[in-house]
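Next come the chains, spelled out residue by residue.
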Amino acid sequence: MKPFTLYSAVILFFLGLSTPVLAADAAPDPIILGQGTNLAHWLSQTRLSGEKRRNFITEKDIAYIAELGFEHVRMPIDEMQMWDEQGRRDEDAFEILHNAIRWSLANDLKVVVDLHILRSHHFNAEDKPLWTDPAEQEQFIDLWRSLSEALNGYPTATVVYELMNEPVADDPEDWNRLVAKAFAAIRELEPERTVVIGSNRWQGAETFDELVVPDDRRIILSYHFYEPFIFTHYKTSWNFMKDYDGKVRYPGMSLSEEQFQALPDNLKQELERFAGKSFNKQALLELMEKPLRRAKELGLPLYCGEYGVFNAAPLEDELRWYRDVLEIFEENGVSHANWNYKSDQFGFVGLNGKPIEPIRDVLVGK
């Protein structure tokens, strides 16, 4: 458990207030997030409502995360959870968000508020009006104006904003233009707030050299890492991996050339990049080369906001993958948040509230 500090006492003093207290501090430059976890499926990608949504994660969960030694939480929120179609805030959802931030600060955890899914943009949807409709782009920026109005009283040293989760634009310049507009709008309202900006196409490391980064020191660069996808998303039901019935392994080769040639045509197109390739720690490091190099060139902090393995992969191989990825982060100064905290698919605490001990222990270095 982290030691109780004067800062904690100040935060606790303000917890009883109905609205956040105005922060007079300025964020250090840069903010280093350290190790964190995602509070997913609470105000994002959920069908929960009412008391079930409210109680999905509680103050005890936040205290447990801090006790394990985590340094921050990433808080995904969806437009449809937080605002109605007229742009009015959902009072219950914003109360949950405020509670999560206050509990986190009271436990010396930093918070990343991540605008995860928009009505105009879902990272896996065919139709994404965000990229074609100027009104939807202005609506996206208005959401940040609304969030800033609600959250600007929290300390800039400990609460940061993530512009958008996993943008998927066919033309990377569409994302770059939107980054510039939205970042300028936030900066006009909050000159000292640190903003997390990720790469195009699912925040992939491979597109990091296409990202145009605003000239500002209060930026954290972000990528997500789920490679090799054939291993990390083995047997997932929501994408092409549901049709793959071969075996996977890590380290090593999951798909030989002979096995690849036997695949149906639809899977060949998706899995061709894995055919005949072996993966180990060095291969994973090479896949992260673009964000590592870009962050070094710009002198900005680097953050892997999501990484993890779906629970269908062989457990011992999964643990080896986590160890290698965590070593890469440690050796290269990359802050990171696993996907995610509470889930029977990717989490280290199950939906029954009980820790999934092997995953938990490897994440916290036991």
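In this report, the structure presented in the accompanying data block is examined. Owing to the predicted nature of the structure, the values given are computational and were not obtained by experimental measurement.

**Description of the pairing of strand S4 (residues 159-162)**
Here S4 shows no split at all, with Val159 and Tyr161 on one side and Val160 and Glu162 on the other all buried. Where strand S3 (residues 110-117) meets S4, four bridges bridge the pair, whose relative direction is parallel. Bridge pairing links Val113 to Tyr161 in S4. At this point the chain moves from S3, through helix H6 (residues 134-151), to the parallel S4, and the crossover so formed is right-handed. Bridge analysis of S4 against strand S5 (residues 195-198) gives two bridges, and the strand direction is parallel. Bridged to Glu162 within S5 is Val196.

**Remarks on the nonpolar core**
Core analysis: the biggest nonpolar cluster contains 101 residues, and Leu97, Phe140, Leu163, Tyr223, Tyr244, Tyr307 and Trp321 have the highest contact counts within it. Broken down by element, this core gets its largest block of residues, eight residues, from helix H5 (residues 91-106).

**Quick look at the packing of H5 against H6**
At their nearest, the axes of H5 and H6 sit 12 Å apart, and the two run at 55° to each other. Here H5 is positioned oblique relative to H6, judged by the angle of their axes. Of the two elements, H5 crosses H6, and the hand of that crossing is right-handed. Residue-level contacts link Phe94, Leu97, His98 and Ile101 of H5 to Leu147, Ala150 and Leu151 of H6.

**Notes on helix H13 (residues 289-298)**
All of the buried residues along H13 are Pro291, Leu292, Arg294 and Ala295. Tucked into the core, H13 has its buried residues touching strand S6 (219-225), helix H12 (281-287), strand S9 (302-307) and helix H14 (315-332). One or two residues past the end of H13 sits Gly299, with phi positive at roughly 70°.

**A word on unusual backbone geometry**
Cis geometry marks the peptide bond from Glu227 to Pro228, where omega comes out at -5°. By secondary structure assignment, the location of Pro228 is in the loop between S6 and helix H9 (229-232). Note the cis peptide between Trp339 and Asn340, where omega equals -5°. Tracing the backbone through its elements, the reader meets Asn340 in the loop between strand S10 (335-338) and helix H15 (357-363). Here Trp202, not a glycine, exhibits a phi torsion of approximately 60°, which is positive. Structurally, Trp202 can be placed in helix H8 (residues 200-203). Residue Trp202 is classed as partly exposed on the basis of its relative accessible area, which comes to 35%.

What counts and what doesn't
- Residues numbered from 1 in each chain as written.
- Predicted model: local features only at pLDDT ≥ 70, side-chain atom pairs only at ≥ 80, totals over all residues.
- Heavy atoms only, no water.
- Buried < 20%, exposed > 50% of the residue type's maximum accessible area, 1.4 Å probe, protein only.
- Helix = DSSP H or I, 4+ residues; strand = E, 2+ residues; numbered from the N terminus.
- Pairing = 2+ DSSP bridges.
- Right-handed = clockwise from strand over helix to strand, strands pointing away.
- Core = buried A, V, L, I, M, F, W, Y, C linked by side-chain atoms within 4.5 Å.
- Axes fitted to C-alpha atoms, helices over the stretch in contact; angles between N-to-C directions.
- Parallel < 35°, antiparallel > 145°, perpendicular 65-115°, else oblique.
- Left-handed = near helix turned anticlockwise from the far one by under 90°.
- Contact = heavy atoms within 4.5 Å.

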